[in-house]
Amino acid sequence: RLAFSKDPHYRSRFTRGNTFSAMGTASHGLSEFAWSGQIVEVHGSELEALLKEKWLELIQKEYEKLKKAWAPASVPPPRDWPFFAVTQTRTLRRVSTEINHRAARVSDGVEGSVRIEEQIVDERNKIAGVADRVVLTGNGYYVSDLKTGHSVSSISDSYRRQLLIYAHLVSLTTDEPLLGVGLITAGGNVIWDQVTSEAVGEVINDVVNEVKTIQKSVT
């Protein structure tokens, strides 16, 4: 699956997005915009209007991609997409809450540094990943991933594995210890899990061994 996904000829002919992936991409984009530092001294209704304008801009961009990918088939407008209204409401509320909470922490002088959508590469083990959010507190770091699906209520084994890989990658860039990993739901809640460095190491060893097995099978 990975090989096919990296083949530009295959991707352009056979892989096309859908309305759910489009909303997920827009949701990630709005979070990245919110944490980019472009929003300064904007509050209340003004903040809500700014976020909605940016959300609709991102959705329109994804809509244009879908129309191009599915041509000549007709793609319904975003307002007719399944769960569009609820996704929009939850996304705007989640991002607005995050901005307000961040502003409150800054005023109290306890704001840590936050990394958004930063790619990290482990050259030694040939592993790379892009964590949605990493919070460095000065006493340790948290890794979280944004899940826009409406059915996410717990950290599954596959999600936990993904988060532990991100945790390993972040550990290459900081001396702070890992404090926990979590999933950010569409509604803005965070499902946390405390993990150990030993658990991270076990997952990385598994990944490295799996990569070696794949390499051996195709050579």
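Caption draft 1: Examining a nonpolar patch on the surface more closely. Nonpolar side chains collect at one region of the surface, where Phe20, Phe83 and Val86 lie side by side and expose about 290 Å² of accessible area between them. Looking at the element boundaries, Val86 is found in helix α5 (residues 84-107). According to the relative accessible area criterion, Val86 is partly exposed, its value standing at 33%.

Caption draft 2: Looking closely at the sheet that holds strand β3 (residues 141-146). With mixed pairing, five strands are arranged side by side in an open sheet as β1-β2-β3-β4-β5. Strands with a single pairing partner mark the edges of an open sheet, and in this sheet they are β1 (113-122) and β5 (190-193). Taking the axes of each pair of neighbouring strands and ignoring which way they run, one obtains an average angle of 35° across the sheet. Across four bridges, strand β4 (residues 178-184) lies against β5 in antiparallel orientation. Directly across from Val181, in β5, lies its bridge partner Asp193. Set on the sheet, helix α6 (residues 157-171) makes contact with β1, β2 (127-136), β3, β4 and β5; between it and β3 the angle comes to about 135°.

Caption draft 3: Spatial organisation of the environment of Ser144. By secondary structure assignment, the location of Ser144 is in strand β3. According to the relative accessible area criterion, Ser144 is buried, its value standing at 5%. Separated by 46 residues in the primary sequence, Ser144 and Val190 place their C-alpha atoms 8.3 Å from one another. Residues contacting Ser144, with those up to four places away along its chain left out, are Asp132, Arg133, Leu163, Gly182 and Ile184.

Caption draft 4: Structural view of the packing of aromatic side chains. For the structure shown, the criterion picks out five aromatic pairs. When the ring of Phe20 is compared with that of Phe83, the centres are 6.4 Å apart and the planes differ by 45°; the resulting orientation is tilted. Here Phe20 is found in helix α3 (residues 19-34), whereas its partner Phe83 is found in the loop between α4 (44-70) and α5, with 63 residues between them in sequence. For Phe20, a relative accessible area of 46% puts it in the partly exposed group. Ring pairs connect the aromatic residues Trp55, Tyr63, Trp81 and Phe84, which therefore count as one cluster.

Caption draft 5: View of α6. For α6, built from 15 residues, the straight-helix expectation of 21 Å at 1.5 Å per residue is met to within 8% by its first-to-last C-alpha distance of 21 Å. Those residues of α6 that sit buried are Leu163, Leu164, Ile165, Tyr166, Ala167, His168, Leu169 and Val170. Of the surrounding elements, those touching the buried residues of α6 are β1, β2, β3, β4 and α7 (197-217).

Caption draft 6: Representation of the pairing of β4. Of all seven residues in β4, five are buried, a share of seventy percent or more. In terms of strand pairing, β3 meets β4 through six bridges, oriented parallel. By the bridge assignment, Tyr142 is partnered in β4 with Gly180. Joining the antiparallel neighbours β4 and β5 is a turn of five residues, in which Gly188 adopts a positive phi near 95°.

Caption draft 7: Structural context of the pattern of salt bridges. Here the structure, examined in full by the defined rule, presents 10 salt bridges. Across the pair Glu57 and Lys54 runs a salt bridge, and its minimum N-O distance is 3.3 Å. In this pair, Glu57 and Lys54 are both assigned in helix α4, three residues apart and thus about one turn of the helix distant. Owing to a relative accessible area of 47%, Glu57 belongs among the partly exposed residues under this scheme. Shared partners join several salt bridges into a network, and the residues in it are Arg94, Glu98 and Arg133.

Cut-offs applied
- Residues numbered from 1 in each chain as written.
- Predicted model: local features only at pLDDT ≥ 70, side-chain atom pairs only at ≥ 80, totals over all residues.
- Heavy atoms only, no water.
- Patch = residues over 30% accessible without salt bridge, like charges linked within 9 Å, V, L, I, M, F, W, Y side chains within 5 Å.
- Areas by Shrake-Rupley, 256 points an atom, 1.4 Å probe, with all protein chains shown as cover.
- Salt bridge = Lys/Arg side-chain N within 4 Å of Asp/Glu carboxyl O.
- Helix = DSSP H or I, 4+ residues; strand = E, 2+ residues; numbered from the N terminus.
- Buried < 20%, exposed > 50% of the residue type's maximum accessible area, 1.4 Å probe, protein only.
- Pairing = 2+ DSSP bridges.
- Axes fitted to C-alpha atoms, helices over the stretch in contact; angles between N-to-C directions.
- Contact = heavy atoms within 4.5 Å.
- Phe/Tyr/Trp six-rings, centres within 6.5 Å; stacked < 30°, edge-to-face > 60°.
- Expected span 1.5 Å × (residues − 1).

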